[in-house]
Amino acid sequence: GLDCELLTTDPHHVEDILGDIRTIGDAIGRSARAEALVAELRDRAHAIDAIADEQPISPEVAVLDWLDPPMVAGHWVPELVELAGGNHELSAPGEASRPRAWADVREHDPDVLIAAPCGFDIEQTAANRTDLTGRSGWSSLRAVRMNRVYAVDGDHLLNRPGPRVVESLEALAALIQPDSFDVPEPWMAKSLSELSE
């Protein structure tokens, strides 16, 4: 018996997420606030992109949003990686997240590996770390040898299409280009080697 409007969102790109903020703002009578929020998020994203563009190296990055089987993050995540100064060649912007053979990840041999399973905070990712560390060839990966494997709070950051998309970008920038961005807050991301077995 409720008189309500049903809104459906299906974002695949960062711009889709920003558009959804506007749509929701319009639907709840907060259009001006939604526009202001979108402008703020866009400014923060542009600031990161400008700094990242000045970096001499764009490391190869793999973001996994599931560990067993390995699932490479898609949708807006490849765009976030690019804005943060990295390359995410295992999936294209807008492409759905999908399982990949571990051999593909090994062959790609990323400079930075980010584990951000959907629905997992850092502690849960740490508890499931052997889904990665127990795999054949794990220790030979460039990211492992260079100590550039990170657990990111996938539950609150990368997997949520909302205003935290720019917080996700800020955390990724710090992991991908650590000399140019501040270390993310501990709840956001930690080196996998720092997490207890």
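Refer to the structure above for everything that follows.
In this text the structure is predicted, and so the values were computed from the model without any measurement. (Residues numbered from 1 in each chain as written. Predicted model: local features only at pLDDT ≥ 70, side-chain atom pairs only at ≥ 80, totals over all residues. Heavy atoms only, no water.)

K.L.:
Help me understand the packing of helix H2 (residues 31–53) against helix H8 (residues 165–176) in this model?
P.N.:
Helix-helix packing: each pair is described by the crossing angle between the helix axes and the interaxial distance. Here H2 crosses H8 at 15 degrees, and the two axes come no closer than 10 Å. As far as their axial angle goes, H8 and H2 are roughly parallel. The two elements H2 and H8 meet at a crossing, and its hand is left-handed. Residues Leu-41, Arg-44, Ala-45 and Ile-48 of H2 form the contact with H8, whose participating residues are Val-166, Glu-167, Leu-169, Glu-170 and Ala-173. Looking at side-chain class alone, the contact of H2 with H8 contains 6 nonpolar, no polar and 3 charged residues. (Axes fitted to C-alpha atoms, helices over the stretch in contact; angles between N-to-C directions. Helix = DSSP H or I, 4+ residues; strand = E, 2+ residues; numbered from the N terminus. Parallel < 35°, antiparallel > 145°, perpendicular 65-115°, else oblique. Left-handed = near helix turned anticlockwise from the far one by under 90°. Contact = heavy atoms within 4.5 Å. Nonpolar A, V, L, I, M, F, W, Y, C, P; charged D, E, K, R; others polar.)

K.L.:
I tried to follow the side chain of Ser-168 on my own but got confused; where do I start?
P.N.:
Examined against the element boundaries, Ser-168 turns out to sit in helix H8. The exposure class assigned to Ser-168 is buried, which follows from its relative accessible area of 2%. Side-chain polar atoms of Ser-168 contact the backbone nitrogen of Leu-158, separated by 3.5 Å. (Buried < 20%, exposed > 50% of the residue type's maximum accessible area, 1.4 Å probe, protein only. Polar contact = N/O pair within 3.5 Å; in protein donor to acceptor, adjacent residues only side chain to side chain.)

K.L.:
I would appreciate a short explanation of the pattern of salt bridges in the present structure.
P.N.:
Where charged atoms of side chains with opposite charge meet at close range, the side chains can pair. Tallying each qualifying case throughout the model produces 11 salt bridges. Arg-100 is paired through a salt bridge with Asp-104; the nearest N and O atoms lie 3.4 Å apart. One network of salt bridges, with partners in common, ties together Glu-40, Arg-44 and Glu-170. (Salt bridge = Lys/Arg side-chain N within 4 Å of Asp/Glu carboxyl O.)

K.L.:
Where do I start with the layout of surface pockets in this structure?
P.N.:
A water-sized probe rolled over the atoms picks out the places where empty space is left. If you add up the space inside the largest pocket, you get close to 200 Å³. Every residue along the wall of the largest pocket is listed here: Asn-147, Tyr-150, Ala-174, Leu-175, Pro-178, Phe-181, Val-183, Pro-184, Ala-189, Lys-190, Ser-191 and Glu-194. Of all elements in the fold, only H8 and strand S6 (189–191) reach the threshold of two or more residues within the lining of the largest pocket. Broken down by element, the lining of the largest pocket gets its largest block of residues, 3 residues, from S6. (1 Å grid on protein atoms, 1.4 Å probe; cavity = no way out; pocket = protein on both sides within 12 Å on 5 of 7 lines; lining within 4 Å. Points joined across faces, edges and corners; volume = space filled by probe spheres on them.)

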